[in-house]
Amino acid sequence: MATIFYTLVLLIFSNSFLGTYSLGVGINYGQIGNNLPSPSRVSILLGSLNISRVKLYDADPNVLTAFANTNVEFIIGLGNEYLQKMQDPQQAQIWIQQKVQPYIAQTRITCITVGNEVLGGVDPQLPAYLVPAMKAMYQALVNLGLSSQVYVTTAHSLQILKTSFPPSSGAFRDDLIQYIQPILAFHAQSNSPFLINAYPYFAYKSDPKNVQIEYLLFEPNSGSVDPGTNLKYDNMLYAQIDAVYSGMKALGHSDVQVRISETGWPSKGDVDEPGATVQNAGIYNRNLLQRMQQGQGTPAHPSQHIDIYVFALFNENMKPGPTSERNYGLYYPDGTPVYNLGVQGYLPLIDYSSSKKNALCIFRLIVLLLGSLLFA
């Protein structure tokens, strides 16, 4: 018993402990479901997985409160429905004062995404609101002394590209350049990243007979060579990232970093959604995690670290659309893994109130320590 206790003490004070068991990616924490666990239980689960970066689609105060003093970095979101209103600098400042200021002292809010997949979306009016809203939110952060802690960006669908292959010929859609150009200028000025939601699965879904699934799943394959650069790509995700870099370069910007705000693979789909299986989802995310832990860059940007947020933490049973939309989760809502990721997480059965924060912190530590012993 003394030996076990001594081992625990050594782990507690080990500087390398947390990094050793990190998944190396962030996670999208969606909440479009009526059977999801409470945020305080989720904080335990993510602590057991040593996930330190979380992306929300809103600024849920229950989540931000539940993760107080956990050192988890949060991206919070401003919904598309608020873009028109947030063009007003006063409204933007009120939003920051209500959604960020009360929590940032204890919960690490590092980014605000202003809208999601606005360009090329279903509402033709939203693109005109996007840049003014981003600028208003950034100026509000400046006014409140928070611009050094929190950056502003927005997340894009790959629908913004008119050309994605070969990567060196990547280019944005002509009708969207009028919006993308000022967005890139904003990113360059504020030193914020360009976010894309990239799903190689969609390529397989649209053309399963002609798209090599191994190329999408990071499995061994013959790959493809970019004739413009002679660089070889062994997976589609890296090719998509470099295509975005090429599109930005064509608009005069080599000073903005691309980050993946969403990527994943569905574990279940409708009859017209080939490849949406538990097996393929597990292969995609396991191989992706292995690549991230190796610290790889893309063929065209080998020294540029790839920053990725996996979609998503849970299956969300109330999401609209095809069956696949409700089955991107790494976990079922009861905390059971959808497939083996090679790591063990733990979702507690009981909830924790704010009055038990000290016990909760100790419990998080115990869970981390037990996890380390299991996988040592």
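Residues numbered from 1 in each chain as written. Predicted model: local features only at pLDDT ≥ 70, side-chain atom pairs only at ≥ 80, totals over all residues. Heavy atoms only, no water.

K.L.:
Sorry, what's going on with the confidence of the model for the protein chain here?
P.N.:
In regions of low pLDDT, the predicted coordinates are not meant to be interpreted in detail. Of all residues in the protein chain, 87% have pLDDT values of 70 or greater, and the mean over the chain is 90. Residue range residues 1–21 is modelled with pLDDT below 50. Its contacts to residues more than four positions away, or to other chains, number 20 contacts. (pLDDT = per-residue confidence, 0-100. Contact = heavy atoms within 4.5 Å.)

K.L.:
I would appreciate a short explanation of helix H3 (residues 39–49) in the present structure.
P.N.:
The α-helix winds at 3.6 residues per turn, so residues separated by three or four positions along the chain end up facing the same way. Summarising burial for H3: eleven of the eleven residues are buried, a large majority. Considered for burial, the residues of H3 that qualify are Pro39, Ser40, Arg41, Val42, Ser43, Ile44, Leu45, Leu46, Gly47, Ser48 and Leu49. Count one or two residues on from H3 and you reach Asn50, which has phi positive near 55°. (Buried < 20%, exposed > 50% of the residue type's maximum accessible area, 1.4 Å probe, protein only. Helix = DSSP H or I, 4+ residues; strand = E, 2+ residues; numbered from the N terminus.)

K.L.:
Looking at this structure, how should I read the side chain of Ser267?
P.N.:
Mapped onto the fold, Ser267 is located in the loop between strand E11 (258–263) and helix H11 (278–293). The exposure class assigned to Ser267 is buried, which follows from its relative accessible area of 9%. The residues contacting Ser267, other than those within four sequence positions of it, are Ala276, Thr277, Val278, Ala281, Asn327 and Val338.

K.L.:
Quick question: what am I supposed to make of the packing of helix H6 (residues 126–143) against helix H7 (residues 177–190) here?
P.N.:
The geometry of a pair of packed helices is captured by two quantities: the angle between their axes and the separation between those axes. Between H6 and H7, the shortest axis-to-axis distance is 9 Å and the interhelical angle comes to 15°. The pairing of H6 with H7 is recorded here as roughly parallel in orientation. For the crossing formed where H6 meets H7, the hand is left-handed. Only Tyr179, Pro182, Ile183, Phe186, His187 and Ser190 of H7 make contact with H6, whose side of the interface consists of Pro127, Ala128, Leu130, Val131, Met134, Lys135 and Tyr138. Here the contact of H6 with H7 is composed, by residue class, of ten nonpolar, two polar and one charged. (Axes fitted to C-alpha atoms, helices over the stretch in contact; angles between N-to-C directions. Parallel < 35°, antiparallel > 145°, perpendicular 65-115°, else oblique. Left-handed = near helix turned anticlockwise from the far one by under 90°. Nonpolar A, V, L, I, M, F, W, Y, C, P; charged D, E, K, R; others polar.)

K.L.:
Help me understand the sheet that holds E11 in this model?
P.N.:
The strands making up a sheet are joined through hydrogen bonds of the backbone, oriented either antiparallel or parallel. Overall, parallel pairing links the eight strands, which are arranged E1-E2-E3-E4-E5-E8-E11-E12 in a closed barrel. The average undirected angle you get between the axes of adjacent strands in this sheet is 25°. Direction of pairing for strand E4 (residues 108–116) relative to strand E5 (residues 151–157): parallel, over a ladder of four bridges. Paired with Asn116 across the two strands is Ala155, which belongs to E5. Packed on one face of the sheet, helix H10 (residues 236–250) meets strand E8 (194–197), E11 and strand E12 (308–310) and runs near 135° to E11. (Pairing = 2+ DSSP bridges.)

K.L.:
Looking at this model, I keep getting lost on unusual backbone geometry. Mind explaining?
P.N.:
Peptide bonds are, in most cases, trans, and in most cases residues other than glycine have a negative phi. Looking along the chain, the bond that leaves Phe165 and enters Pro166 is cis, with omega of -5°. With respect to the helices and strands, the residue Pro166 is situated in the loop between strand E6 (161–163) and strand E7 (171–172). Phe311 connects to Ala312 through a cis peptide bond whose omega is 5°. Summarising the element assignment, Ala312 is placed in the loop between E12 and helix H12 (357–374). You will see that Phe218, though not glycine, has its phi angle at about 65°, which is positive. Note that Phe218 resides in the loop between helix H9 (213–216) and strand E9 (224–225). Here Phe218 falls in the buried class, since its relative accessible area comes to 6%. With a phi close to 65°, Asn230 is a non-glycine residue in the positive phi region.

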